[in-house]
Amino acid sequence: MSTLARLVHFRWAVPVLAELHRGHGGRFVNLSHALGVSRESLRRTLAFLIETGLIQRNPGKGHPLRPEYLLSDPRLGADAAVLTDVLEDLGVTDVGLKKWSLPTLTLLVGERRFSEIRRALPDVTPRALTLTLKDLEAAGLISRTVTDDYPPATVYRATTPGLQLAHAAQKVGMTSLP
């Protein structure tokens, strides 16, 4: 889970990996135009991906000031491409690429309470988790149920589209980051 949380910490990391896999551009300017991302956000994302060893500069191609980027692990690029396709097909790209959405969604394959989710994601604040759960519910990716117990408890579970997205996210999260 920490791998997925670290990877989606940068909103553009998964889309960059997907674009590199699709071959739509390994150069900075091509990535920027294809994704519609600002130069500074893309620069930080590329630095993170290089630092973690997920991408590398192509040593034999391009000018030093206009480098080309390559995937270090083509499987990760393929998994990221599948994940971005699922996000686009479901129409939840904005919600799905927020920092805690995918890590939270992968936990909700089974029924969980708020405290269980919070324990599984130790770096998330209660406010961030609450906002994430509200966004996921509004997007139709999870369902929220209040039980009839005393005291009442609230449980969360992924819906069918949410399960589809969670399985795609789990594949990306299986990559180990240094």
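Numbers given for residues are sequential positions, taken from 1 along each chain in its written order. Totals for whole chains, interfaces and linings use all residues, but because this is a predicted model, local features are given only for residues with pLDDT of at least 70 and pairs of side-chain atoms are given and counted only at 80 or more. Side-chain measures were taken over the full set of non-hydrogen atoms in the model, leaving aside hydrogen atoms and water.

## What to know about the environment of R75
Move 1: Numbering of helices and strands starts at the N terminus; helices are DSSP runs of H or I of at least 4 residues and strands are runs of E of at least 2. The topology assignment puts R75 in helix α5 (residues 74-90).
Move 2: Of the residues examined, R75 reaches a relative accessible area of 62% and is grouped as exposed.
Move 3: C-alpha of R75 to C-alpha of A166: the two residues are 91 residues apart in sequence and 18 Å apart in space. We call a residue buried when its accessible area falls under 20% of the maximum for its residue type, exposed when it is over 50%, and partly exposed in between, using a 1.4 Å probe and counting protein chains only.

## Quick notes on the sheet that holds strand β4 (residues 142-146)
Move 1: In this analysis, strands are considered paired if DSSP registers two or more bridges between them. Ordered by their spatial adjacency, three strands build an open sheet running β3-β5-β4, and the pairing between neighbours is antiparallel. Pairing within the sheet leaves two strands with one partner each, and these edge strands are β3 (112-113) and β4.
Move 2: In this structure, β3 lies alongside strand β5 (residues 154-158), joined through two bridges in antiparallel fashion. Bridging from a neighbouring strand, R113 pairs with V155 of β5.

## Describing helix α10 (residues 160-173)
Move 1: Each residue after the first adds 1.5 Å to the expected span of a helix. Taking 1.5 Å per residue as the helical rise, α10 with its 14 residues ought to reach 20 Å, and the 20 Å between its terminal C-alpha atoms agrees with that figure.
Move 2: Here α10 has its buried residues at G162, L165, A166, A168, A169, V172 and G173. Buried residues of α10, seen end-on, are gathered within an arc of 170° and therefore sit on one face of the element. By arc we mean the arc of the directions from the helix axis to the C-beta atoms, nothing more.

## Overview of the pattern of salt bridges
Move 1: Salt bridge, as used here: a side-chain nitrogen of Lys or Arg that lies within 4 Å of a carboxyl oxygen of Asp or Glu. Within the structure shown, the criterion is met by seven salt bridges.
Move 2: Of the charged contacts, one joins E111 and R157 as a salt bridge, the two residues approaching to 3.9 Å between their closest N and O atoms. Placement of the pair is E111 in the loop between α7 (101-107) and β3 and R157 in strand β5, with a sequence separation of 46 residues.
Move 3: Judged by its relative accessible area of 48%, E111 is partly exposed.
Move 4: Given the relative accessible area of 36%, R157 is considered partly exposed.

## What about the pairing of β5?
Move 1: Judged from the five bridges that link them, β4 and β5 form a sheet pairing that is antiparallel. Within β5, the residue paired with T145 across the bridge is V155.

## A short note on the packing of aromatic side chains
Move 1: Stacked, tilted and edge-to-face are the three classes applied to pairs of Phe, Tyr and Trp rings, where Trp contributes its six-membered ring and a pair requires centres within 6.5 Å; stacked means planes under 30 degrees apart, edge-to-face means over 60, and tilted covers the rest. For the structure on display, the rule yields one aromatic pair.
Move 2: An angle of 25° between the planes, with centres 4.6 Å apart, marks the rings of F10 and F48 as stacked. Pair noted here: F10 is in the loop between α1 (2-7) and α2 (13-22) and F48 is in helix α4 (residues 39-51), with a separation of 38 residues, a long-range link.
Move 3: Take F48: its relative accessible area is 9%, and that puts it in the buried class.
Move 4: The criterion is that NZ of a Lys, or CZ of an Arg, lies within 6 Å of the ring centre and within 35 degrees of the ring normal, and then a charge sits over that ring. The ring of W12 has R11 lying over it, and the distance from NZ or CZ to the ring centre is 4.4 Å.

## Quick notes on α4
Move 1: With 13 residues, α4 should cover 18 Å at 1.5 Å per step; its first-to-last C-alpha distance of 18 Å lies within 8% of that length.
Move 2: Three or more residues of α4 are buried, namely S41, L42, T45, L46, F48 and L49. One side of α4 carries all its buried residues, which in axial view fall inside an arc of 160°. Pointing more than 90 degrees away from the buried face of α4 are the exposed residues R39 and E51.
Move 3: Among the residues trailing α4, G53 stands out with phi positive, at a value near 80°.

## Digging into unusual backbone geometry
Move 1: The step from Y150 to P151 runs through a cis peptide bond, and the omega angle for that step is -5°.
Move 2: Of note, P151 is situated in the loop between β4 and β5.

## Describing the packing of α2 against α4
Move 1: Between α2 and α4, the least distance of the axes is 10 Å, while the angle of their chain directions is 75°. By the angle between their axes, α2 is roughly perpendicular relative to α4. On the side of α2, the interface is formed by A13, V16 and L17, while α4 contributes L42, T45, L46 and L49. Angles run from 0 to 180 degrees between N-to-C directions of axes, and those axes are lines fitted to C-alpha atoms, restricted for helices to the stretch in contact. Any angle from 65 to 115 degrees is called roughly perpendicular, while one under 35 is roughly parallel, one over 145 is roughly antiparallel, and all others are oblique. Any two residues whose heavy atoms approach within 4.5 Å are treated as being in contact.

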